[in-house]
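# Close look at the chain arrangement
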Amino acid sequence: MSRDLPAALRERLLVHEQEPLGPRTTLGVGGPAAWVIEPRSRQELLLAVGELGRAGMPFRVLGHGSNLLVSDAGVSDVVIHTRALRHVYHHGEVEHALRCEAGAPLSRLVSVALEVGLTGAEVLIGIPGTVGGAVAGNSGGREGAIGDLLSEVTLVESDGTARAVPCSPADFGYRRSPFKGRVVVDAVVQLAPAPKPRIQARMREILQRKSATQPLSWPSAGCMFRNPAAGPSGRLIEQAGCKGLAVGGARVSERHANFVVTSPGVLASDVLALVEKVRAAVRSHAGVELDLEVECWGQGSAAAGAEAS
Ligand SMILES: Cc1cc2nc3c(=O)[nH]c(=O)nc-3n(C[C@H](O)[C@H](O)[C@H](O)COP(=O)(O)OP(=O)(O)OC[C@H]3O[C@@H](n4cnc5c(N)ncnc54)[C@H](O)[C@@H]3O)c2cc1C
């Protein structure tokens, strides 16, 4: 990008130039962003979006980077990283609800809910993302997804103003959200009171199942492919004989075939080449086309799947 950032952003916000994105993602791969802006408050996030909107500069929003594959060349857009916006409020503003800032880790939402004796959020345990990323992708698992819990989401409009949008479970589908492509500032999660031992027991049960089936000690971006109508992608990939298949530092996990895990020195191009090999194997074995669940950012990544706008 040849244009410079608006002066108001360079002078007032925390800005990194030519900042590597790999370390800001769980896969750990990818080149730099022209600029990474880290708002330290809701007001700074509104300022960033408003100024970029006025300047006509494209930008992307980064949460925990746990559902992203950034290309080796990086991205030319501005990236707004929400990691400093991590508050979870329990004011009693809405009964049995928590208001969570976009950058709040889901683990924090789960632990605050337990602290105040509210059930529902346990379904998000073990998902390493932020509330904003989860709202954008309706993250969840077989027990439920975040869209089942949301009653309101606050968005930033392109002029930098905030707008609260009511929502209900009917607005969401499997990894589908009406807030994809928007900028989430915070979200209200509606829960229900329950005895703490019962909440803890459910948390333990979900976590034990995840640790038994997922390669949690390796860097990954979670499930690489969406589940097609034909069944779970992990099963299709395993049946196609791809467990353990590797390209460079990227390997199909032996524990869960829908996870691609990475070793030090891996390149985004290794992950993309492996993705293509897996897709070809499943296509030839089962006649099924796998679509990426992980989002690709940057040049050269569009071949493997949808490049985010
Ligand atoms: C070990 C492991 C286990 C996982 N398990 C699961 C699971 O069980 N279920 C599941 O659904 N996912 C799972 N994931 C994937 C991932 O953790 C989730 O999709 C997560 O919610 C993504 O959140 P994030 O903050 O990391 O988003 P990012 O990866 O940073 O971004 C993903 C998308 O969300 C957008 N986004 C981020 N923040 C905002 C915001 N404030 N406003 C608008 N858009 C925003 C980004 O622009 C991007 O389009 C797993 C990942 C790993 C590594």
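A quick note: this is a predicted structure, and the numbers were derived from the prediction, not measured. (Residues numbered from 1 in each chain as written. Predicted model: local features only at pLDDT ≥ 70, side-chain atom pairs only at ≥ 80, totals over all residues.)

### Side note on the overall build of the chain
Helices and strands together make up the secondary structure of the chain, namely seven helices and 18 strands. What you see for the chain is a C-alpha radius of gyration of 19 Å, in line with the 19 Å of a compact globule of 309 residues. Projected onto its principal axes, the C-alpha coordinates of the chain cover approximately 55 × 50 × 30 Å. When the 309 residues of the chain are sorted by exposure, 46% land in the buried category. A separation of at least 24 residues holds for 65% of the contacts in the chain among residues at least 6 apart in sequence. (Helix = DSSP H or I, 4+ residues; strand = E, 2+ residues; numbered from the N terminus. Rg over C-alpha atoms; globule rule 2.2 N^0.38 Å. Buried ≥ 20, exposed ≤ 12 C-beta atoms within 10 Å, placed from the backbone. Contact = placed C-beta atoms within 7 Å.)

### Let's talk about the domain arrangement of the chain
For the chain, the assigned domains read domain 1 (7-81), domain 2 (88-194) and domain 3 (233-304). Inter-centroid distance (C-alpha atoms) of domain 2 to domain 3 is 29 Å. (Domains from an automatic or database assignment.)

### Digging into the sheet that holds strand 11 (residues 150-156)
Here five strands make up an open sheet; going across it, the order is 6-7-13-11-12 and the pairing antiparallel. Of all the strands in the sheet, the pair left with one neighbour each is strand 6 (88-89) and strand 12 (162-166). Taken together, the five bridges between strand 7 (residues 97-101) and strand 13 (residues 183-190) define a ladder with antiparallel strand orientation. Along strand 13, the bridge assignment pairs Glu101 with Asp186. Sitting on the sheet, helix 3 (residues 106-115) touches strand 6, strand 7 and strand 13, and the angle it makes with strand 7 is about 155°. (Pairing = 2+ DSSP bridges. Axes fitted to C-alpha atoms, helices over the stretch in contact; angles between N-to-C directions.)

### Quick word on the site of the ligand
Neighbouring the ligand are 34 residues; Gly63, Gly129, Gly132, Gly133 and Gly222 lie closest to it. Elements with a contribution of two residues or more to the shell around the ligand: strand 3 (59-62), helix 4 (131-137), strand 9 (140-141) and strand 13. If one sorts the elements of the shell around the ligand by residue count, helix 4 sits on top with five residues. Of the residues in the shell around the ligand, the class split is 13 nonpolar, 18 polar and three charged. Both domains that furnish three or more residues to the shell around the ligand are identified here as domain 1 (7-81) and domain 2 (88-194). (Near = placed C-beta within 6 Å. Nonpolar A, V, L, I, M, F, W, Y, C, P; charged D, E, K, R; others polar.)

### Quick word on the pairing of strand 5 (residues 75-81)
Counting buried positions along strand 5 gives five out of seven residues, so the element sits mostly inside the fold. Relative to strand 5, strand 2 (residues 32-37) is paired through four bridges, and the arrangement is parallel. Along strand 5, the bridge assignment pairs Val36 with Val79. Sheet topology note: the strand 3/strand 5 ladder contains four bridges and is parallel. Note that in strand 5 the partner of Val61 across the bridge is Ile80.

### Quick word on helix 3
Taken together, the buried positions of helix 3 are Leu106, Leu109, Val110 and Ala113. One face of helix 3 carries all of its buried residues, which in axial projection span an arc of 95°. Among the structural elements, strand 6, strand 7, strand 8 (118-119), helix 4, strand 13 and helix 5 (196-213) are those in contact with the buried residues of helix 3. Once helix 3 ends, the next one or two residues include Gly117, with phi positive near 75°. (Arc of directions from axis to C-beta.)

### Points about the sheet that holds strand 16 (residues 250-252)
Strand pairs in the sheet, formed through backbone hydrogen bonds, run parallel or antiparallel to each other. What the three strands build is an open sheet, ordered 15-16-17; its pairing is antiparallel. Edge positions in the sheet fall to strand 15 (246-247) and strand 17 (260-262), since each of these pairs with one other strand and no more. Judged from the three bridges that link them, strand 16 and strand 17 form a sheet pairing that is antiparallel. Residue pairing across strands places Ala250 opposite Thr262, the latter belonging to strand 17. Against the sheet, helix 7 (residues 268-286) makes contact with strand 15, strand 16 and strand 17, and its axis sits at roughly 30° relative to strand 16, the strand it touches most.

### Digging into the confidence of the model for the chain
Put simply, the chain has an average pLDDT of 94, and 96% of its residues get 70 or more. A low-confidence stretch, residues 302-309 (pLDDT under 50), is modelled with 18 contacts involving residues beyond four sequence positions or located in other chains. (pLDDT = per-residue confidence, 0-100.)

### A few points about the nonpolar core
Grouped together as the largest cluster of nonpolar side chains are 91 residues, with contacts concentrated most on Leu69, Leu109, Leu124, Val135, Val189 and Val271. Ranked by residue count, the leading element in this core is helix 7, at seven residues. (Core = buried A, V, L, I, M, F, W, Y, C linked by C-beta atoms within 7 Å.)

### Things to note about the environment of Glu254
By the secondary structure assignment, Glu254 is in the loop between strand 16 and strand 17. Distance from Glu254 to Pro215, taken between C-alpha atoms, is 8.2 Å for residues 39 residues apart in sequence. Residues contacting Glu254, with those up to four places away along its chain left out, are Lys243 and Gly244.

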